[in-house]
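Listed here are the chains, written in short residue letters.
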Amino acid sequence: MATNVASSNDGERKALDSVVIRFAGDSGDGMQLTGTQFTQSTALMGNDLATFPDFPAEIRAPAGTTFGVSAFQINFASYDIQTPGDDPDVLVAMNPAALKVHLKDVPKGGTVILNVDAFTDRNIKRAGYENNPLEDGTLDNHVVIAIEINKLTNAAVADCEVTSKEATRCKNFWALGLMCWMYNRERQPTIDWVNQRFGKLPNIAAANIAALNAGHAYGETVELPSGVEAYVVPRADVQPGTYRAVTGTEAVAWGLIAGAKKAGLDLFLGSYPITPASALLHTLTGLKNYGVTTFQAEDEIAAVCSAIGASYAGSLGVTSSSGPGIALKTEAIGLALVTELPLVIVNVQRGGPSTGLPTKTEQSDLFQAVYGRNADTPLPVIASRTAGDCFETAIEAVRIATKYMTPVILLTDGFLANSAEPWEIPDADAIADFPVEFRTDPEGFHPYLRNEVTLARNWAIPGTPGLMHRIGGIEKDYDSGHISYDSDNHHRMTKVRAAKIDGIAKDIPAQEVAMGEEKGKLAVVGWGSTFGAINQAVSRCVSGGLNVAHIHLRHIHPFPKNLGDLLSGFDRVMVPEMNNGQLVHVLRDKYLVDAESITQITGQPFKVSTLEREIRSRVEG
Amino acid sequence: MNIETPVEALKPNDYASDQEVRWCPGCGDYAIIKGVHRTLAELQIPLENLVFFSGIGCAARFPYYMASYGFHTIHGRAPALATGAKLANPDLDIWVVMGDGDALSIGGNHTMHAIRRNVDLNLLLFNNEIYGLTKGQYSPTSQLGTRSPSTPQGSVDAPLTPLSVALGAGARFVARTFDTNQKHMPGVLKAAHAHKGASLVEIIQNCIVYNDGAFDGWTDRKVVSDNSITVEHGRPLIFGAEENKGIAQADGGFGIRVVTIGVDGVTEDDVLVHDENNKMLAMMLADMKQPEFPVALGVLYNNPSKSYDDAVHEQLATVKEASPPGTINELLRKGRTWTVSEGS
Ligand SMILES: Cc1ncc(C[n+]2csc(CCOP(=O)(O)OP(=O)(O)O)c2C)c(N)n1
Ligand code: SF4
Ligand SMILES: [Mg+2]
């Protein structure tokens, strides 16, 4: 725990500059909710923060099992941070299974807060402990706060007229109350949320609030073991501006809406539920008043096809899924590509192949996005790096899709979709409009007439008098737009489709260096949600005097024009990815650069320390 | 100056594109497109408002031969594309052309769901009981024992009956006609068009190359009167060259049977009257097969309910009225925000 005792005017609280807390319990214990509420309060306190929700694939795995453990980690600080933190300073374990799964990550001297009421013989056995870990020395290296949380919660809600089951369910709010006390978080945002959420169930609302307050009061009054005290984490010194907490899912949804508005189109989302992409469908369907139509299709194929149909009719068609669903959409993406209709495909990546690890994060669909279709079918691929960045990348995806009349794949992942970060809210008015101009002039019209600069075909929508035409998957004649089986024409059309996509490189920003110099010993090249971990690792190395730089790609296809030159300015190139090595191959293929691959396919984000070690081993000595 | 120029009425030929039609000579699809052109001209549907979607197959070439808007999509998926287009622009007049393999094999799921949702689409199913484009393999509507390149000893799996499947999926409009029945087809197509919601029309089509004569047993001019029945709402279910046969309730209970008026004391009063709102009757008519029964033609079921696109747009309107959209900046600032000021 990075301590630094300050003489603050905050009573007896000890000032910390950063803390990592992990809440862990049974899937039914409400840990995600606890974490989210703690995050909200923390954001409002002005700390910088990053979170990592980590939950099991089963909705309600058998109670007390290790595979049913759900966890939520938050890292908050008085300075600028980028990742949810490597190891927790404090672990809140609501049952033995949570302790079993997560204790190994808590460093020596770290604090473990336990709900002893859950440490029954049965639960201890279920978690796979032979003996009671509270008694056999398992926790000797840690500061342990063992509390009868069930009992105290039940007592706190005794007056609330709830059943004993409902009472016990409030225990996560009791734990939340205690943590609010310990880290000086305000309870009011949570109380407001409870009242709103349980407005129709006043007894339940009252019980949750009572539990929250009781946990807080417990901290104030009970003597805690030595080494545990009340803390304060001063607000971060961040850029002036208006902030909010945002998840990648929300930012993609808002970005798509903003993009559609900038293009002057209505937004149509065709989707089929799949973890971790479903939340985007849920979020967008809640925003119908912004001109959004959502359609839960019968499968992913129908989802993408409905979006293509909507684009054909003059809306912005969007479809969202995760790897297995994107695989099903592949044939239809080819149709959108060859008919040159705008389409945004959001892939919220998860662990694979096949069903894989549905609730874990991975970035293993890069090959699928760049290469994964039959025939010569290049399309733009964009990747988001942080939750907030999802807003900008979604707008960029819409801009490119409509300007170049092409499907665009936007890659996010489960970590980005679910994790929250404080976000300086941009001024949407400051982002340039890119209005679509439908073709209306019949003079000289055919459907595959191209813009000389962008090579995009003109877009005429049904309902327009005088522009009736037919499009489809069969190859079309370059000069008339009619069906053509001519071999030279097919060669020409394939080339022009590729040239159109390659030309986008002229219309995207040059690649920048996110950290470090533009030349040097080592470039660490990343993409997607590894941004925070790489940036922090490189930043530590740079401040330690090492000659290393961080380059993070947003545009995966086409690459920015200067990327090749930039990479050639470094002696070595290292590419860390949460997959078995994909971007590294694309870079080697494109630039003949001897890039080295660092891989981690554990379903967990990279630790800063891991990357730091990899960097040091390459540039030190 | 305001001179009214009378709009020239559209003729059947105005609905045809200038593209050379590439179906095999003698293919039933020629007759069908003629019937469609005639129907559209009778309805005077403006070309710019008309969209034909199709999947893949011989039938699916249809949009290229139309002068309207058209989208030749991918195998089986046309109903899904059409659904998206209809939701995006409910004013479009959308027709979907599908083959039997297209609609019932690879696209079975989409056909079923377009019907179940009751999307306002005119779904035309060209049933030739064979895969034409891929050179003659058996299809999900091929009769048991069909010999084809993929079933040289004859198919062993039972076919499905498209209209029965559609009624099972909750269709509100099902009808049947056949390619050369040019007097009948426009009426059926007009009824389908008038029906708001998913309208499924099975158009029996002869594939002269791979399944020639598959329907001769009841479509041939010599037998059509005896082996098929053309139903009309409110009219008795009478058929036969001599108009003396009818569909009556089965003896002593549930089901139907064929009766001959004047035999065994049967009178015209014993013959059932067609009621296009009666789903049970529609199910029985849809399932009538040769040789026991005549094949039913015409509108078997027509019982409209709210279309999906209407329901979706009503909901959108309600939401917009309850909470009018703000600017993007307002959207981004909804919920909890906090402000960090200079020097804090
Ligand atoms: C994904 C895919 N699978 C298979 C095919 C090959 N294919 C094209 S049409 C067709 C079947 C055509 O039969 P039907 O739908 O009955 O239409 P018809 O040709 O008889 O009019 C098949 C299997 C294809 N084009 N796409
Ligand atoms: S193969 Fe059959 S269905 Fe296809 S065009 Fe020829 S006759 Fe018509
Ligand atoms: Mg067929």
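Treat the numbers as computed from the prediction; the structure is a model and nothing was measured. (Residues numbered from 1 in each chain as written. Chains lettered and ligands numbered in written order. Predicted model: local features only at pLDDT ≥ 70, side-chain atom pairs only at ≥ 80, totals over all residues. Heavy atoms only, no water.)

Draft legend 1. Broad picture of the overall build of chain B. Counting its regular elements, chain B contains eleven helices and twelve strands. Projecting the C-alpha coordinates of chain B onto the three principal axes gives extents of approximately 100 × 60 × 50 Å. Every one of the 344 residues in chain B was classed for burial, and the buried ones make up 53%. Long-range contacts, defined here as pairs at least 24 residues apart, represent 65% of the contacts in chain B between residues at least 6 apart. (Helix = DSSP H or I, 4+ residues; strand = E, 2+ residues; numbered from the N terminus. Buried < 20%, exposed > 50% of the residue type's maximum accessible area, 1.4 Å probe, protein only. Contact = heavy atoms within 4.5 Å.)

Draft legend 2. How the structure looks around the coordination of the magnesium ion (ligand 3). All names here are of chain B. Looking at the magnesium ion (ligand 3), one finds its protein donor set to be D100 (OD), N128 (OD1) and I130 (O), positioned 2.1 Å from the metal centre. Mapping the donors of the magnesium ion (ligand 3) onto the primary sequence gives the spacing D-x27-N-x1-I. Placement of D100 in helix α3 (residues 100–106) and of I130 in the loop between β4 (122–127) and α5 (162–168) is noted, with a sequence separation of 30 residues between them. Each member of the pair, D100 as well as I130, carries the same accessibility label: buried. (Donors = N, O, S within 2.8 Å, 3.2 Å for Na, K, Ca; no water.)

Draft legend 3. Layout of the sheet that holds strand β2 (residues 69–72) of chain B. Spatially, the nine strands line up as an open sheet ordered β17(A)-β2(B)-β1(B)-β3(B)-β4(B)-β6(B)-β5(B)-β11(B)-β7(B), and their pairing is mixed. With partners counted over all chains shown, the strands left at the sheet margins are β17 (470–472) of chain A together with β7 (228–231) of chain B, one partner each. Shown here is a sheet whose adjacent strand axes are inclined to one another by a mean of 20°, direction ignored. Relative to β2(B), β17(A) is paired through three bridges, and the arrangement is parallel. The residue bridging I471(A) from the neighbouring strand is F71(B), located in β2(B). (Pairing = 2+ DSSP bridges. Axes fitted to C-alpha atoms, helices over the stretch in contact; angles between N-to-C directions.)

Draft legend 4. How the structure looks around the packing of aromatic side chains. A full pass over the atoms with the stated rule returns 26 aromatic pairs over all chains. Note on W193(A) and F198(A): the rings are 6.4 Å apart at their centroids and 90° apart in plane angle, and the pair reads as edge-to-face. One aromatic cluster in this structure is built from W23(B), Y30(B), F52(B), F62(B), Y65(B), W95(B) and F126(B). The lysine or arginine in question, R197(A), covers the ring of F198(A), its NZ or CZ lying 5.0 Å from the ring centre. (Phe/Tyr/Trp six-rings, centres within 6.5 Å; stacked < 30°, edge-to-face > 60°. Lys NZ or Arg CZ within 6 Å of the ring centre and 35° of its normal.)

Draft legend 5. Examining the pattern of salt bridges more closely. Across all of its chains, the model carries 36 salt bridges over all chains by this definition. In this structure, the salt-bridge partner of K14(A) is E229(A), at a minimum N-O distance of 3.4 Å. Within this pair, whereas K14(A) is found in strand β1 (residues 14–15), its partner E229(A) is found in the loop between α8 (202–221) and β8 (231–232), the two being separated by 215 residues in sequence. Across the pair E596(A) and R618(A) runs a salt bridge, and its minimum N-O distance is 2.8 Å. Taken together, the residues span a long stretch of sequence, with E596(A) in strand β22 (residues 596–599) and R618(A) in helix α20 (residues 608–619) at a distance of 22 residues. Residue classification places R618(A) among the buried residues on the basis of a relative accessible area of 16%. Among the ionic contacts, a cluster of salt bridges with common partners joins K86(B), D120(B), K196(B), D309(B) and D310(B). (Salt bridge = Lys/Arg side-chain N within 4 Å of Asp/Glu carboxyl O.)

Draft legend 6. Representation of the site of ligand 1 within the structure. Neighbouring ligand 1 are 17 residues, the closest being C58(B), D100(B), G101(B), D102(B) and G132(B). Chains contributing residues near ligand 1 are chains A and B. A59(B) has a polar backbone atom sitting 3.0 Å from an oxygen atom of ligand 1. A distance of 3.1 Å separates an oxygen atom of ligand 1 from a polar atom in the backbone of I130(B). Of the residues forming the shell around ligand 1, the biggest block, four residues, is contributed by α3(B). Broken down by class, the residue content of the shell around ligand 1 amounts to seven nonpolar, seven polar and three charged. (Near = heavy atom within 4 Å. Polar contact = N/O pair within 3.5 Å; in protein donor to acceptor, adjacent residues only side chain to side chain. Nonpolar A, V, L, I, M, F, W, Y, C, P; charged D, E, K, R; others polar.)

Draft legend 7. Here's a closer look at a nonpolar patch on the surface. Together, I208(B), V209(B) and Y210(B) make up a nonpolar patch on the protein surface, roughly 240 Å² of accessible area in all. The class for I208(B) is partly exposed, based on a relative accessible area of 36%. (Patch = residues over 30% accessible without salt bridge, like charges linked within 9 Å, V, L, I, M, F, W, Y side chains within 5 Å. Areas by Shrake-Rupley, 256 points an atom, 1.4 Å probe, with all protein chains shown as cover.)

Draft legend 8. View of the site of ligand 2. Neighbouring residues of ligand 2: W23(B), C24(B), C27(B), C58(B), N128(B), Q205(B), C207(B), I208(B), V209(B) and Y210(B). Residue classes in the shell around ligand 2 are distributed as eight nonpolar, two polar and no charged.

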